Amino acid sequence: MYAFDYTRPTSVADAVATLASDSDATVLAGGMTLIPTLKQRLAQPSQLVDLGALPGLAGIRREGDTLIIGAMTRHADVARSEIVAAALPALAALADGIGDAQVRHRGTIGGSIVNHDPAADYPSAVLGLGATVVTDRRQIAADDFFTGLFATALEEGEIVTEVRFPLPKRAAYVKFPNPASRYAVVGVFVAETGSGVRVAVTGAGPGVFRAGNFEAALTASFTPKAVEGLVWSADDLNSDMHASAGYRAHLIGVLAKRAVATIA
Amino acid sequence: MTTLSVSLTVNGKKVSADVEPRTLLVQLLRENLHLTGTHVGCDTSQCGACTVHVNGDSVKSCTILAAQADGADVRTIEGLAQAGVLHAVQEAFREHHGLQCGFCTPGMVMSSADLLVKNPNPSEHEIRTWLEGNICRCTGYHNIVKAVQHAAQTLRQTAQAAE
Ligand SMILES: Cc1cc2nc3c(=O)[nH]c(=O)nc-3n(C[C@H](O)[C@H](O)[C@H](O)COP(=O)(O)OP(=O)(O)OC[C@H]3O[C@@H](n4cnc5c(N)ncnc54)[C@H](O)[C@@H]3O)c2cc1C
Ligand code: FES
Ligand code: FES
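On a predicted model such as this, the values are computed, not experimentally measured, just so you know.

Cut-off values and rules
Residues numbered from 1 in each chain as written. Chains lettered and ligands numbered in written order. Predicted model: local features only at pLDDT ≥ 70, side-chain atom pairs only at ≥ 80, totals over all residues. Heavy atoms only, no water. Helix = DSSP H or I, 4+ residues; strand = E, 2+ residues; numbered from the N terminus. Rg over C-alpha atoms; globule rule 2.2 N^0.38 Å. Buried < 20%, exposed > 50% of the residue type's maximum accessible area, 1.4 Å probe, protein only. Contact = heavy atoms within 4.5 Å. Areas by Shrake-Rupley, 256 points an atom, 1.4 Å probe, with all protein chains shown as cover. Lys, Arg positive; Asp, Glu negative; His and termini not counted. Charge placed at Lys NZ, Arg CZ, Asp CG, Glu CD. Near = heavy atom within 4 Å. Polar contact = N/O pair within 3.5 Å; in protein donor to acceptor, adjacent residues only side chain to side chain. Nonpolar A, V, L, I, M, F, W, Y, C, P; charged D, E, K, R; others polar. Pairing = 2+ DSSP bridges. Axes fitted to C-alpha atoms, helices over the stretch in contact; angles between N-to-C directions. Salt bridge = Lys/Arg side-chain N within 4 Å of Asp/Glu carboxyl O. Parallel < 35°, antiparallel > 145°, perpendicular 65-115°, else oblique. Left-handed = near helix turned anticlockwise from the far one by under 90°. Phe/Tyr/Trp six-rings, centres within 6.5 Å; stacked < 30°, edge-to-face > 60°.

(A) View of the overall build of chain A. The helix and strand inventory of chain A stands at 12 helices and 14 strands. Computed over its C-alpha atoms, the radius of gyration of chain A comes to 18 Å, within 12% of the 18 Å expected for a compact globule of 264 residues. In terms of overall dimensions, chain A has C-alpha extents of about 55 × 45 × 30 Å along its principal axes. Within chain A, the fraction of its 264 residues that count as buried is 55%. A sequence separation of at least 24 residues applies to 58% of the contacts in chain A between residues at least 6 apart. When the accessible area of chain A is evaluated, it comes to approximately 10600 Å², of which 52% is carbon and sulfur surface. Seen as two clouds, the 22 positive and the 26 negative side-chain charges of chain A have centres 8 Å apart.

In structure tokens, the structure reads:
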């Protein structure tokens, strides 16, 4: 690791001010992605602004039909939360399937969605449920938040404070995990929400995306049969040592059907 | 170079050290405190040999800065045995031959001990799933799982006896 400075602010305002005054400063959350990146010397921040001491950034609460999860809430806390289990069990199961126990004890929802790894699990839930990402300065709809490979709509120095999930009528997430890392080779999040059926796919492309033809078919009939034989083009999908684009396209259909089957 | 002063509790003892911001918790443990029971297998967050408990949760100490552990309660493999008596998980690994070369063992033991606090009666599947973050290149895992099952039994009996 290159040398860097380290600060642990105790208010969001202080953290934002530090980031505004130093364009080479970087936010540190659970460090599960950032620390390995620094070790590989793929980044050289001047300082790390650790969000670990900010009051109120970690926590889970329900307000009516909205589940609100603070950016610094760890995967393990979402996985074992009674509130999440009751309100949105698909999200608890998703969190429980991330990486391994040690990773779930450090990694946070904020870090996961800001990093927007093309194989990360949480982005599929945020997009699949039409959640709202709340930052220190504004609210961003999920449809506008994820902008591309490892990219989001966040401005420089902007901090995610919480994610607001509107509760769906039903939802399920199924992934084909990489056997070593548990990242999604492909993962499909299916939800029947107050504003229609949404299907979000992670792992397959250069970032999370919605599968429109699957949404249309499930809107007509929310059954596994409705998506049988549906095809998603392999054209823009990833090919790597784990799976070809064609195989990933095939998995989208298989996993979408499995997800629907668990809640149809 | 800037240094930070960190204070934490390690195996029940208060310790302080001046470290660089980039110092990892595992470096603080091994190099400053000479607690070399915690191993570094990969240094890339994969193998779990460096697993310790931070505020009661198993974490990979190669992927947390010492600064992030400021104020925390840390337990390492050296802090598991009490008054010279091995922890039930350590005893079970010995009894059931849950190791060969032993390199992964400190991490395996710390990870398993955390599991048994959170889930005193895990199924074989739950044990294997929990240990996904710990890699062993020798044993084939079979005896590790057996050891954890036996340790779970011992701990449950001890808890019952105490009631
Ligand atoms: C072995 C291993 C296996 C894994 N397996 C999986 C898996 O199966 N599925 C999966 O989805 N993920 C997996 N992960 C990733 C893990 O889920 C982490 O949570 C994720 O990498 C980032 O979260 P973090 O809190 O650690 O963020 P950090 O690493 O601290 O930060 C990541 C990035 O987000 C930025 N950031 C963090 N929080 C905020 C915020 N609140 N506002 C603005 N910017 C912010 C940081 O500046 C940094 O650029 C794995 C990681 C490891 C090491
Ligand atoms: S040394 Fe930390 S995970 Fe391998
Ligand atoms: S006993 Fe050798 S690596 Fe596990």
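Following the structure, the description resumes.
(B) Structural detail: the site of ligand 1. Around ligand 1, a shell composed of 31 residues is seen, among which Val 27, Gly 31, Thr 33, Thr 108 and Arg 182 of chain A lie nearest. The environment around ligand 1 is built from residues contributed by chains A and B. Measuring from an oxygen atom of ligand 1, one finds a backbone N or O atom of Ser 112 of chain A at 3.5 Å. Take Ser 181 of chain A: an N or O atom from its main chain is 3.2 Å from a nitrogen atom of ligand 1. Elements supplying a minimum of two residues to the shell around ligand 1: β2 (25-28) and α7 (109-115) of chain A. Considering only residue class, the shell around ligand 1 consists of 14 nonpolar, 13 polar and 4 charged.

(C) How the structure looks around the pairing of strand β3 (residues 51-54) of chain B. All names here are of chain B. Burial of the side chains of β3 extends over both faces: Thr 51 and His 53 are buried on one face and Val 52 and Val 54 on the other. Sheet analysis places β3 next to strand β4 (residues 57-60), joined by 4 bridges and oriented antiparallel. Looking at β4, one finds that Val 54 is bridged to Asp 57. Between β3 and β4, which pair antiparallel and follow one another directly, the connecting turn spans 2 residues, one of which, Asn 55, has a positive phi of 50°. When β3 meets strand β5 (residues 73-75), the two strands line up antiparallel, connected through 2 bridges. Its bridge partner lying in β5, Val 54 is registered against Val 74.

(D) Region of interest: the environment of Thr 37 of chain A. Residues and elements named next belong to chain A. Among the structural elements, Thr 37 can be located in helix α2 (residues 34-39). Among the residues examined, Thr 37 registers a relative accessible area of 21% and is labelled partly exposed. Contact partners of Thr 37, with chain neighbours within four places excluded, come to Leu 42 and Ala 43.

(E) Representation of the sheet that holds strand β13 (residues 196-202) of chain A in the model. Residue and element names in this part refer to chain A. The strand order across the open sheet formed by 4 strands is β11-β12-β13-β14, and the pairing between neighbours is antiparallel. Edge positions in the open sheet fall to β11 (170-177) and β14 (209-210), since each of these has one partner strand only. Contacts from helix α12 (residues 245-263) reach β11, β12 (184-193), β13 and β14 within the one sheet, and its direction differs from that of β12 by about 40°.

(F) Here's a closer look at the pattern of salt bridges. Throughout the structure, instances matching the rule amount to 29 salt bridges over all chains. In this structure, Glu 124 of chain B engages Arg 128 of chain B in a salt bridge whose closest nitrogen and oxygen atoms are separated by 2.8 Å. Taken as a pair, Glu 124 of chain B and Arg 128 of chain B lie in helix α4 (residues 124-130) at a separation of 4 residues, close to a single helical turn. Judged by relative accessible area, which is 41%, Glu 124 of chain B ranks as partly exposed. A network of salt bridges, in which partner residues are shared, links Arg 74, Asp 77 and Arg 80 of chain A together with Asp 57, Asp 114 and Lys 118 of chain B.

(G) Looking closely at the packing of helix α2 (residues 88-95) of chain B against helix α3 (residues 105-118) of chain B. Residues and elements named next belong to chain B. Interaxial distance between α2 and α3 falls to 9 Å at its minimum, and their mutual angle equals 125°. Judged by the angle between their axes, α2 and α3 are oblique. The two elements α2 and α3 cross, and the hand of that crossing is right-handed. Contacts between α2 and α3 pair Val 89, Gln 90 and Phe 93 from the former with Thr 105, Met 108, Val 109, Ser 112, Ala 113 and Leu 116 from the latter. Looking at side-chain class alone, the contact of α2 with α3 contains 6 nonpolar, 3 polar and no charged residues.

(H) Spotlight on the sheet that holds strand β3 (residues 47-50) of chain A. Residue and element names in this part refer to chain A. Spatially, the 3 strands line up as an open sheet ordered β1-β3-β2, and their pairing is parallel. Both outer strands of the open sheet, β1 (5-7) and β2, are each paired with one neighbouring strand and no more. Averaged over all neighbouring strand pairs, the angle between strand axes comes to 25°, with direction disregarded. Packed onto the sheet, helix α1 (residues 12-21) meets β1, β2 and β3 and runs at close to 165° relative to β3.

(I) Region of interest: the packing of α2 of chain B against helix α5 (residues 142-162) of chain B. Residues and elements named next belong to chain B. α5 packs onto α2 with a crossing angle of 135° between their chain directions and a minimal axis gap of 8 Å. When the interaxial angle is binned, α2 and α5 end up oblique. As for how α2 packs across α5, the hand of that crossing is right-handed. Contacts from Ala 88, Val 89, Ala 92 and Phe 93 in α2 reach Ile 144, Ala 147, Val 148, Ala 151, Thr 154 and Leu 155 in α5.

(J) Looking closely at the packing of aromatic side chains. All names here are of chain A. Applying the stated criterion across every chain yields a total of 4 aromatic pairs over all chains. Each ring, one from Phe 176 and one from Tyr 247, has its centre 6.3 Å from the other, and the planes form 90°; the classification is edge-to-face. In this pair, Phe 176 is assigned in strand β11 and Tyr 247 in helix α12, connecting sequence segments 71 residues apart. Ring geometry for Phe 209 against Trp 232: centres 5.2 Å apart, planes inclined by 20°, an arrangement best described as stacked. Of this pair, Phe 209 sits in strand β14 while Trp 232 is found in the loop between α11 (224-227) and α12, placing the two residues 23 residues apart along the sequence. Accessibility expressed as a relative area gives 16% for Phe 209, which makes it buried. Accessibility expressed as a relative area gives 22% for Trp 232, which makes it partly exposed.

Remember, this is a structural readout, not a statement about activity or role.
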